[in-house]
Amino acid sequence: MTERTFAMPARGLQPFLHDGVVALRAPTQVWSRADGNVGEGAIDGIYHGDTRFIRTAAVAVTGGDAEWLGMSAHEASRVVFEGLLRGLDDLSADPKMRLLRERTVDEARVTEQIKITSHLTYPIDAEITLTLRPEFSPMHAVKAGMPESRAWSERPGGAGTVVLTAGPRRIELETDGSVRVSDSIEADTAVVVTWAVQIPPGRSVTVAWGVRMTDDALVVRSGSTPPPPAVYGGGSIDDRAERWLATALTDLNALRLALPDHPDDEFYAAGAPWFFTLFGRDSLWAARLALHANPTLAASTLRVLARRQGRSVDPATAEEPGKILHELRAEAFDIPGEGFSLPPVYYGSVDATALWVGLFGDTVDAGLPEADVRELLPAMQKCLAWIMGHGDGFVSYYDGTGRGLANQGWKDSGDSIQWRDGALAQGPIALCEVQGYAYEAVMAGARILDAYGESGGDAARAWGARLRRRFADRFWVSTPEGDYPAIALDASGRGVDALTSNIGHLLGTGLLEPHQERDVAALLTQPSMLSGFGIRTMSTGAHGYWPLSYHGGSVWIHDTAIIARGMQRAGLDEAAEAVVENMLAAAAGFDYRVPELHSGDPAGSGGSDPGPTTVPLPYPAACRPQAWSAASAVTAFEFLSASR
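Residues numbered from 1 in each chain as written. Predicted model: local features only at pLDDT ≥ 70, side-chain atom pairs only at ≥ 80, totals over all residues. Heavy atoms only, no water.

### Section: helix α6 (residues 370-388)
An α-helical segment advances 3.6 residues per turn. Residues three or four places apart therefore align on the same side.
Item 1. Under the 1.5 Å per step criterion, the end-to-end length of α6 is 26 Å for 19 residues, consistent within 8% with the ideal 27 Å.
Item 2. Along its length, α6 shows its largest kink, about 40 degrees, at Leu-377, and proline Pro-378 lies within four residues downstream of that point.
Item 3. Of the positions making up α6, those classed as buried are Val-373, Leu-376, Leu-377, Ala-379, Met-380, Cys-383, Leu-384, Trp-386 and Ile-387.
Item 4. Turning to α6, the residues buried within the fold contact α4 (295-307), α5 (352-365), α7 (432-451) and α8 (457-474). (Helix = DSSP H or I, 4+ residues; strand = E, 2+ residues; numbered from the N terminus. Expected span 1.5 Å × (residues − 1). Bend = angle between axes of the 7 residues up to and from the residue. Buried < 20%, exposed > 50% of the residue type's maximum accessible area, 1.4 Å probe, protein only. Contact = heavy atoms within 4.5 Å.)

### Quick notes on the confidence of the model for the protein
Item 1. Taken residue by residue, the protein gives an average pLDDT of 93. The fraction at 70 or more is 95%.
Item 2. Overall, residues 1-10 carries pLDDT values under 50, and its contacts beyond four positions in sequence, including any with other chains, amount to 26 contacts. (pLDDT = per-residue confidence, 0-100.)

### Quick notes on empty space enclosed by the protein
Item 1. Across all of its chains, the model carries 4 cavities of 30 Å³ or more by this definition.
Item 2. Roughly 110 Å³ of internal volume is contained in the largest cavity.
Item 3. Lining the largest cavity are 14 residues, and of these Gly-49, Asp-50, Asp-215, Leu-218 and Ala-330 sit closest to its centre.
Item 4. What the second largest cavity holds in volume is close to 60 Å³.
Item 5. Trp-285, Arg-288, Tyr-437, Glu-440, His-505, Leu-507, Thr-509, Ile-562, Arg-565, Gly-566 and Arg-569 together form the lining of the second largest cavity.
Item 6. Contributing elements (two or more residues each) for the lining of the second largest cavity: α3 (280-289), α7 and α10 (557-569).
Item 7. Counting residues per element, the lining of the second largest cavity draws most heavily on α10, which supplies 4 residues.
Item 8. A breakdown of the residues in the lining of the second largest cavity according to their chemical character gives 4 nonpolar, 3 polar and 4 charged. (1 Å grid on protein atoms, 1.4 Å probe; cavity = no way out; pocket = protein on both sides within 12 Å on 5 of 7 lines; lining within 4 Å. Points joined across faces, edges and corners; volume = space filled by probe spheres on them. Nonpolar A, V, L, I, M, F, W, Y, C, P; charged D, E, K, R; others polar.)

### A short note on the pairing of strand β13 (residues 169-175)
Item 1. Burial of β13 is one-sided: the residues Arg-169, Ile-171, Leu-173 and Thr-175 facing one way are buried, the residues Arg-170, Glu-172 and Glu-174 facing the other way are not.
Item 2. Two strands pair when backbone bridges link them, and strand β12 (residues 161-166) and β13 are joined in this way by 6 bridges, in the antiparallel orientation. From the neighbouring strand, Thr-161 faces β13, where its bridge partner is Glu-174.
Item 3. Where β12 folds back onto β13 in an antiparallel hairpin, the turn is made up of 2 residues, including Gly-167, whose phi is positive at roughly 60 degrees. (Pairing = 2+ DSSP bridges.)

### Digging into the pairing of strand β19 (residues 262-268)
Both faces of the sheet carry side chains from a regular strand, because those side chains alternate between them.
Item 1. Where strand β18 (residues 256-259) and β19 come together, 4 bridges link them in antiparallel fashion. Residue pairing for β19: Leu-257 is matched across the bridge by Phe-267.

### Describing unusual backbone geometry
Item 1. With an omega of 10 degrees, the peptide bond between Ala-26 and Pro-27 qualifies as cis.
Item 2. With omega at 10 degrees, the peptide bond leading from Gly-427 into Pro-428 counts as cis.
Item 3. Relative to the elements of secondary structure, Pro-428 occurs in the loop between α6 and β24 (430-431).
Item 4. Even without a glycine there, the phi angle at Ala-108 is positive, about 65 degrees.
Item 5. Secondary-structure assignment places Ala-108 in the loop between β8 (97-106) and β9 (109-118).
Item 6. With relative accessibility at 12%, the residue Ala-108 sits in the buried group.
Item 7. If you check the backbone angles, Ala-318 has positive phi at about 65 degrees while not being a glycine.
Item 8. Considering the arrangement of structural elements, one finds Ala-318 in the loop between α4 and β20 (327-328).

### Focus: the sheet that holds β18
Item 1. Strands sit in the order β17-β18-β19 across an open sheet of 3 strands; the sheet is antiparallel. Edge positions in the open sheet fall to β17 (221-222) and β19, since each of these has one partner strand only.
Item 2. Where β17 and β18 come together, 2 bridges link them in antiparallel fashion. Directly across from Arg-221, in β18, lies its bridge partner Ala-258.

### Details of the packing of helix α2 (residues 239-254) against helix α12 (residues 627-643)
Item 1. Running from N to C, α2 and α12 cross one another at 140 degrees; their axes reach a closest spacing of 8 Å. With respect to the hand of their crossing, α2 and α12 are arranged in left-handed fashion. Only Ala-627, Ser-629, Ala-630, Ala-631, Ser-632, Ala-633, Val-634, Ala-636, Phe-637 and Leu-640 of α12 make contact with α2, whose side of the interface consists of Ala-241, Glu-242, Trp-244, Leu-245, Ala-248, Leu-249, Asp-251 and Leu-252.
Item 2. Tallied by class, the residues present in the contact of α2 with α12 amount to 14 nonpolar, 2 polar and 2 charged. (Axes fitted to C-alpha atoms, helices over the stretch in contact; angles between N-to-C directions. Left-handed = near helix turned anticlockwise from the far one by under 90°.)

Rendered as structure tokens:
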């Protein structure tokens with residue numbers, strides 16, 4: 001047995017994703033370039049769970065580099081790359097030698113077929129070479145631009161098989177070619193597969209390889225139940241909505257995960273590449289936005305999170321009784337240079353608990369069977385106790401460890417809670433939208449308690465009524481842009497006065513008066529907030545606005561979808577229609593796979609620097625696909641269906 005190890009490269013930057021090609025079946029994914037080769041981009045690799053198992057998977061054919069014609073995605077899990085081999089061709093004008101590379105991803109397995117087709121009148125001899133470089137780097141190190149190549153050992157398997165091992169992680173390579181391990185390729189260690197082939201005149205030759213990956217430490221597995229049948233018809237709504245929905249449903253199918261102890265209870269992974277695991281907030285919002293597309297998954301998401309509901313007080317993990325989980329991983333998630341280290345089981349989310357009740361209420365309204373409702377009632381009661389345990393203050397957060405998330409709402413970056421002048425708010429922080437979620441949760445909870453003969457409904461309604469009065473008294477601010485709810489109250493109880501998209505999450509929750517909802521909708525659809533491709537996270541009138549700021553001017557399509565949904569629930573259909581049109585414009589601009597977020601630059605033609613753009617510009621590090629971005633397609637489609 002031979003042990004292989006490598007030196008760690010110099011520190012880099014977080015990889016950009018916008019120009020990568022991904023094929024996935026969570027928790028497995030492959031990122032490559034548009035020619036199919038894996039390795040030239042910083043994000044490139046074959047991943048399983050929270051590990052990049054293989055850094056490079058490059059194909060070469062004798063006679064010169066292939067010249068690539070294009071790439072086509074056949075659902076989320078299968079991608080086909082096609083090019084020309086002019087180095088093997090004759091001298092005529094028409095190309096006659098074609099190369100096709102078809103990649104398929106399944107749980108823990110990646111397979112490829114490499115096909116050469118000839119239209120020549122004579123046979124061609126060629127050698128196909130596949131170069132694989134194992135890495136076994138932790139995901140958090142890849143994200144930080146500091147991949148860590150772990151030592152691995154090799155042993156032969158059966159014919160055409162080699163097994164590579166690094167601790168609890170293993171790669172089994174299977175191929176119909178000849179396999180060797182080489183130390184001489186670019187001064188690096190690689191597994192090299194070669195095929196000597198002869199392509200007959202007018203015929204094709206196909207070779208194949210695949211890897212199966214095992215991680216004994218992995219805490220999630222792929223969803224195993226058949227995806228639900230399509231519940232939406234086509235052809236009569238809007239072509240953009242139809243195409244976006246079709247792409248989104250295959251992405252959501254590929255993002256389904258389960259925990260090994262309950263493999264039939266599925267939930268949506270948050271997104272590729274970084275978040276192939278259980279995220280309370282993300283999984284809840286994705287299930288809620290896509291509820292009518294997959295009501296079974298919404299119910300199972302509730303069950304999965306109920307089993308992990310907080311039971312004790314643990315400051316290190318932010319666990320509290322009744323609190324809903326934020327994130328689950330096999331090991332701590334450390335991001336060098338970003339100042340935080342999240343434990344494997346982490347509860348640092350201020351909104352997931354209320355969002356759990358919100359999804360429960362929607363699922364009950366959608367027809368959740370009585371037995372399932374009664375099974376989940378104890379978890380709901382614990383959620384309500386946690387929410388109302390904040391007394392007659394506001395639901396707020398503060399990371400006392402210095403290692404957790406400084407901001408614990410959906411805008412969880414360190415600079416997301418800003419004043420209009422750009423100064424950062426100091427915690428504890430009480431976010432405006434969290435109060436809306438809390439009000440909606442206690443009112444829905446009260447209704448369910450009454451319907452099922454349980455006590456506590458009156459207390460929940462009374463607490464909600466007091467919260468509503470407190471919010472009206474404390475949260476409103478007056479600025480040159482108008483009067484609106486503050487994004488948050490800071491440590492001193494002052495309203496943080498930047499105009500942000502957070503206020504849109506209040507629509508339809510019942511926390512605002514109808515005239516206040518109309519005013520909020522008007523603000524969110526004015527040019528400073530509505531970009532043409534969605535609602536900006538922060539107004540262009542704020543000092544901290546920047547169109548490529550993660551939470552300070554960019555557009556998140558799920559954020560826009562939540563606001564459109566709230567507008568519709570509030571009866572503000574004209575405003576919702578304008579917002580949904582923005583969503584469809586963004587979907588078309590991203591070829592119907594909308595990333596996690598994109599630039600807040602205004603839609604238009606020509607102009608200043610940075611100026612209007614005819615297509616939405618990517619935020620280059622945005623995840624894609626992202627569960628709640630994909631689920632937003634369901635929201636847009638349902639709005640159009642209801643309004644036609």
